[in-house]
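Chain by chain, the residues run as shown.
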Amino acid sequence: MAKTTLRTLFGATLLALATLVQAQEPRVVAITQIVEHPALDAVYQGIKDELAERGFKEGDNLEVMHESAQGNSAIASQIARKFVGASPDVIVAIATPSAQTVAAAARNTPVIFSAVTDPLGAKLVSSLEAPGANITGVSDMLPIDKHLDMLQRVMPDAKRIGTVYNPGEANAVSLVELLEERLAARGLELVKGAATKTSEVLGAARSLVGKADAIYLTTDNTVISAAEAVISVGERAGIPVFAADTATVERGAVAALGFDYYDHGRQTGVMVARVLNGEKPGDMGVETMEKLDLFVNPAAAERMGITLSDDVIGDAEQVIDSAK
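Rules used in this analysis
Residue indices begin from 1 for each chain and proceed along its sequence in written order. The predicted nature of this model means local features are confined to residues of pLDDT at least 70 and side-chain atom pairs, given and counted, to a pLDDT of 80 or more, with totals for whole chains, interfaces and linings taken over all residues. Note that the side-chain values use all heavy atoms of the structure and ignore hydrogens as well as water. Two strands pair under a simple rule: DSSP has to find at least two bridges between them. Here a strand is any run of E in DSSP of at least two residues, a helix any run of H or I of at least four, and the numbering for each starts at the N terminus. By the convention used here, residues are in contact when the closest approach between their heavy atoms is within 4.5 Å. To obtain an axis, a line is fitted to C-alpha atoms, over the contacting stretch when the element is a helix, and the angle between two such axes runs from 0 to 180 degrees between their N-to-C directions. When the centres of two rings from Phe, Tyr and Trp lie within 6.5 Å, Trp using its six-membered ring, the rings pair. Their planes under 30 degrees apart give stacked, over 60 give edge-to-face, and anything left gives tilted. The classification of residues rests on relative accessible area computed with a 1.4 Å probe and restricted to protein chains. Under 20% of the type maximum is buried, over 50% is exposed, and intermediate values are partly exposed. Within this scheme a cavity is a closed region of a 1 Å grid, computed over the protein atoms alone, that accommodates a 1.4 Å probe without allowing it to escape, whereas a pocket is open but has protein on both sides within 12 Å along at least five of seven lines; lining residues each have an atom within 4 Å of a point. Grid points are joined across faces, edges and corners, and a volume is the space filled by probe spheres set on the points. Here the term charged refers only to Asp, Glu, Lys and Arg, the term nonpolar to Ala, Val, Leu, Ile, Met, Phe, Trp, Tyr, Cys and Pro, and the term polar to all other amino acids, Gly among them. When the strands point away from the viewer and the path from the first strand over the helix to the second turns clockwise, the crossover is right-handed.

(A) Geometry of the sheet that holds strand β8 (residues 214–217). The seven strands lie next to each other as β7-β6-β8-β9-β10-β12-β13, forming an open sheet whose pairing is mixed. Each edge of the open sheet carries a strand with a single partner, namely β7 (189–194) and β13 (318–319). With two bridges joining them, strand β12 (residues 293–296) and β13 adopt parallel strand pairing. Counted as the bridge partner of V296 is V319 from β13. Against the sheet, helix α5 (residues 144–154) touches β6 (160–165), β8, β9 (241–243), β10 (255–258) and β12, its axis set at about 155 degrees to β10. Taken strand by strand, helix α6 (residues 170–185) contacts β6, β7 and β8, and its axis lies near 160 degrees from that of β7.

(B) Summary view of the packing of aromatic side chains. For the structure on display, the rule yields one aromatic pair. Pairing F259 with Y261 gives two aromatic rings, centres 4.9 Å apart and planes at 45 degrees, and the pair type is tilted. For the pair formed by F259 and Y261, the shared burial category is buried.

(C) Spatial organisation of the layout of surface pockets. Size it by volume and the largest pocket reaches roughly 280 Å³. Counting only elements with at least two residues in the lining of the largest pocket, the list comes to α4 (96–105) and α8 (221–225). Ranked by residues supplied to the lining of the largest pocket, first place goes to α8 with three residues. Looking at side-chain class alone, the lining of the largest pocket contains four nonpolar, eleven polar and two charged residues.

(D) Molecular detail of the pairing of strand β1 (residues 27–33). Within β1, six of the seven residues are buried, which leaves the element mostly enclosed by the surrounding structure. As judged from the seven bridges shared by β1 and strand β2 (residues 62–68), these two strands associate in the parallel manner. When the sheet's bridge partners are listed, I31 is paired in β2 with H66. Crossover handedness for the path β1 to helix α2 (residues 38–53) to β2: right-handed. Where β1 and strand β3 (residues 90–94) come together, five bridges link them in parallel fashion. Bridge assignment links A30 to a residue of β3, and that residue is I91.

Dropping the structure here:
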């Protein structure tokens with residue numbers, strides 16, 4: 001009887017120790033990012049900061065795997081397969097191309113996407129309210145009408161709006177279709193320049209010279225990675241460049257009405273923490289950002305041939321000084 005009790009106690013002790021060791025093992029979050037540019041980098045940082053605030057600290061009880069595909073969809077697919085094979089607790093996919101590759105590779109691993117414009121159009125989820133599978137996340141669908149209100153406030157006489165986009169990127173196509181529809185409703189024309197890779201952005205922007213009164217850039221990852229190329233064309237040709245994300249204003253765009261991608265990352269981090277705490281992505285509805293801020297760059301406007309009014313500057317959350 002004593003030996004049996006001893007064995008029982010010994011077994012219980014081993015079980016307790018094993019449970020303790022398991023509890024101390026860090027959780028693993030794998031983050032794949034289609035390309036590095038200020039907006040998506042801010043998302044990545046926001047995710048990590050939110051996780052830390054919620055008790056998941058890198059180097060302590062959290063291991064973070066992070067890789068960028070450098071804008072290459074084939075590399076994005078390789079990263080997705082690698083991460084699925086590593087069996088992390090959750091995979092985070094930043095931007096639509098990365099989310100699509102992860103969704104194709106991960107059947108059982110929880111997935112949270114971030115900075116995905118149209119989750120339905122990208123076929124990531126079948127329902128925004130109840131995704132029902134292993135994937136959900138935060139969408140950065142743009143308030144196109146509000147952006148056009150801003151552009152027309154600054155340039156009321158603009159009739160032809162140019163944009164550069166990657167026809168091979170699902171989110172970019174969705175936005176351009178929406179943009180064309182909204183412009184037509186206002187009696188305005190959309191002029192498109194296609195760029196399938198960053199090296200083609202300059203040529204696509206140059207194709208708009210003489211055809212567009214203003215240029216509006218969406219959150220197309222290919223184009224935003226090379227936004228300076230579009231801005232340089234705008235400055236030389238006197239075509240004001242407007243943007244959908246505020247980080248591009250610091251790089252030389254005239255203005256943008258958007259949300260902070262760092263906050264977008266923080267909101268994504270909340271969803272990641274919920275998964276780490278046991279919730280299932282399929283039970284979590286897709287979220288969006290609501291707060292919008294106006295960023296303006298008066299010096300950039302002057303370089304592109306226009307002057308921002310005092311009331312526009314006065315309404316801005318942030319006025320960027322990028323005089324050259």
